Amino acid sequence: MTEAVHTRRVFSGIKPSGGLTLGNYLGAIKRFVDMQGQGFETIYCVVDMHAITVWQNPAELKHATRELTAAYLASGIDPEQSILFNQSQVAAHAELGWIFNCVARVGWMDRMTQFKEKAGKNAEKQSLGLYAYPALMAADILLYHATHVPVGDDQKQHVELTRDIAQKFNNDFGVDFFPITEPVIEGPAMRVMNLRDGTKKMSKSGDSDMERINMTDDADTIAKKFRKAKTDPEPLPDSLDGLKDRPEARNLVEIYAGLNNMTAESVIAEYTGAQWGQFKPALADLAVAKLSPISARMAELMNDPAEIDRLLGRGAERAREIAEPILAKTYDIVGFVRG
Ligand code: TYM
């Protein structure tokens, strides 16, 4: 038995595939920042290899990679305290990903709801990479023996699959090598919904720009989008229970809570009985106050792409120092001969 003692290590990633939304900010980036310096070693990744599971124009992929890095930095990720890099610069992700393709079962992949949603009736036309990507995601996490993975609610199933892969690898080879990772999905706004339809997730790829807040939206656009957000005719209730069958109302309350580091309960307590004409402008002001400094800083950082690339290169070097010994040990466990 290979006994392993696992340090508290956070790993998470975001795909550089087009613009970033308020969902990415509240469900991921903001929480990545909050976990820095909390007794974890923190590793944050721009997962460019995941982005190409659907077609990406090469020039746009480079731009999106730098823009996401700028978003991480502008939001408060400290590239000294955390390791910040893009996935394709650390080849071990692909190498461990292959091993996990051979550990994961086709039946497990068939249960992944995100693939079913994304592929719809067109599964045959999707890339093999889109189908297999949860195994690469497991490799991203386990390559660092990460113990904690902060994600939004939509990624929960993939982190659970990561646990299954770790468990099966450990069982198959009779080792205690890969840790059983915890998904960290805590607080409000773990599933930010579409502003025009509260039953659908806010995503970068939705049809209308009015249904999402982009991290790069200016103050007027943010205010307009919240003003036009779908709601119902009722005022805010006096308890969370009162939001049960009101998905749009619930979403706006959760966004407020997420942005202001409050619970949804305390937002309700503060705004009991308020009309939307009062709540929406307050929400818009709050969102502008939180997001505008970030988008301004992102724009400044994007003026110096060479510096962003330098930071990613340095981050990748640090990532490789952790990843390569873990990959080498994995190869040994699997039975690959190295000269
Ligand atoms: P991606 O790029 O789709 O999303 C990045 C992060 O943003 C969160 N998120 C949301 N949270 C709340 N509400 C929303 N509307 C919303 N939309 C997106 C996601 O849950 C995610 O945390 N496969 C992953 C990226 C990945 C990864 C990893 C994550 C690759 N390897 C290893 C963690 C660990 C993805 O496609 O996320």
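As the structure is a computational prediction, the values presented were derived from the model and not from experiment.

Undergrad: Looking at this structure, I do not really get the overall build of the protein chain. What am I missing?
TA: Counting its secondary structure elements, the protein chain contains 13 helices and 5 strands. Relative to its length of 339 residues, the protein chain is compact, with a C-alpha radius of gyration of 21 Å against a globular reference of 20 Å. Overall, the C-alpha framework of the protein chain stretches about 70 × 45 × 45 Å when taken along its three principal axes. Looking at the 339 residues of the protein chain, the share that counts as buried comes to 52%. Excluding contacts between residues fewer than 6 apart, the proportion of contacts in the protein chain whose partners are at least 24 apart in sequence is 77%. Taken as a whole, the protein chain presents about 15600 Å² of accessible surface, with 50% of it coming from carbon and sulfur. Side-chain charges of the protein chain comprise 39 positive and 46 negative groups, with the mean position of each set lying 3 Å from the other.

Undergrad: Would you explain the layout of surface pockets in this entry?
TA: The probe, sized like a water molecule, is rolled over the atoms to show the empty space still left. Its boundaries defined by the atoms lining it, the largest pocket holds a volume of some 1200 Å³. Around the largest pocket, the lining comprises 44 residues; the ones closest to its centre are Lys-15, Gln-114, Asp-154, Gln-155 and Lys-201. When contributions to the lining of the largest pocket are tallied by element, the ones reaching two or more residues are β1 (9-14), α1 (22-35), α6 (113-119), α7 (128-142) and α8 (156-173). For the lining of the largest pocket, the element with the highest residue contribution is α7, accounting for 5 residues. Looking at the lining of the largest pocket, its residues break down into 15 nonpolar, 19 polar and 10 charged.

Undergrad: Help me out: how do you make sense of α1 in this one?
TA: Given 3.6 residues per turn, any residue in an α-helix points the same way as the ones three and four places further on. Here α1 contains 14 residues, and its C-alpha end-to-end distance of 19 Å stays within 8% of the 20 Å for a straight helix at 1.5 Å per residue. At Ile-29, α1 shows its largest kink, close to 30°. A large share of α1 lies buried, amounting to 13 of its 14 residues. Sitting at the amino-terminal end of α1 is Thr-21, which places a side-chain oxygen 3.0 Å from the backbone nitrogen of Gly-23.

Undergrad: Where do I start with the packing of helix α10 (residues 247-259) against helix α11 (residues 264-271) in this structure?
TA: For any two helices packed against each other, the geometry comes down to the angle between their axes and how far apart the axes lie. Contact geometry of α10 with α11 gives a least axis separation of 8 Å together with a crossing angle of 105°. It follows from the interaxial angle that α10 and α11 lie roughly perpendicular. Contacts from Val-253, Tyr-256 and Ala-257 in α10 reach Ala-264, Val-267, Ile-268, Glu-270 and Tyr-271 in α11. Each residue belonging to the contact of α10 with α11 can be placed in one class, and the counts come to 7 nonpolar, no polar and 1 charged.

How each quantity is defined
Residues numbered from 1 in each chain as written. Predicted model: local features only at pLDDT ≥ 70, side-chain atom pairs only at ≥ 80, totals over all residues. Heavy atoms only, no water. Helix = DSSP H or I, 4+ residues; strand = E, 2+ residues; numbered from the N terminus. Rg over C-alpha atoms; globule rule 2.2 N^0.38 Å. Buried < 20%, exposed > 50% of the residue type's maximum accessible area, 1.4 Å probe, protein only. Contact = heavy atoms within 4.5 Å. Areas by Shrake-Rupley, 256 points an atom, 1.4 Å probe, with all protein chains shown as cover. Lys, Arg positive; Asp, Glu negative; His and termini not counted. Charge placed at Lys NZ, Arg CZ, Asp CG, Glu CD. 1 Å grid on protein atoms, 1.4 Å probe; cavity = no way out; pocket = protein on both sides within 12 Å on 5 of 7 lines; lining within 4 Å. Points joined across faces, edges and corners; volume = space filled by probe spheres on them. Nonpolar A, V, L, I, M, F, W, Y, C, P; charged D, E, K, R; others polar. Expected span 1.5 Å × (residues − 1). Bend = angle between axes of the 7 residues up to and from the residue. Polar contact = N/O pair within 3.5 Å; in protein donor to acceptor, adjacent residues only side chain to side chain. Axes fitted to C-alpha atoms, helices over the stretch in contact; angles between N-to-C directions. Parallel < 35°, antiparallel > 145°, perpendicular 65-115°, else oblique.

Function cannot be inferred from these measures alone, as they are strictly geometric.
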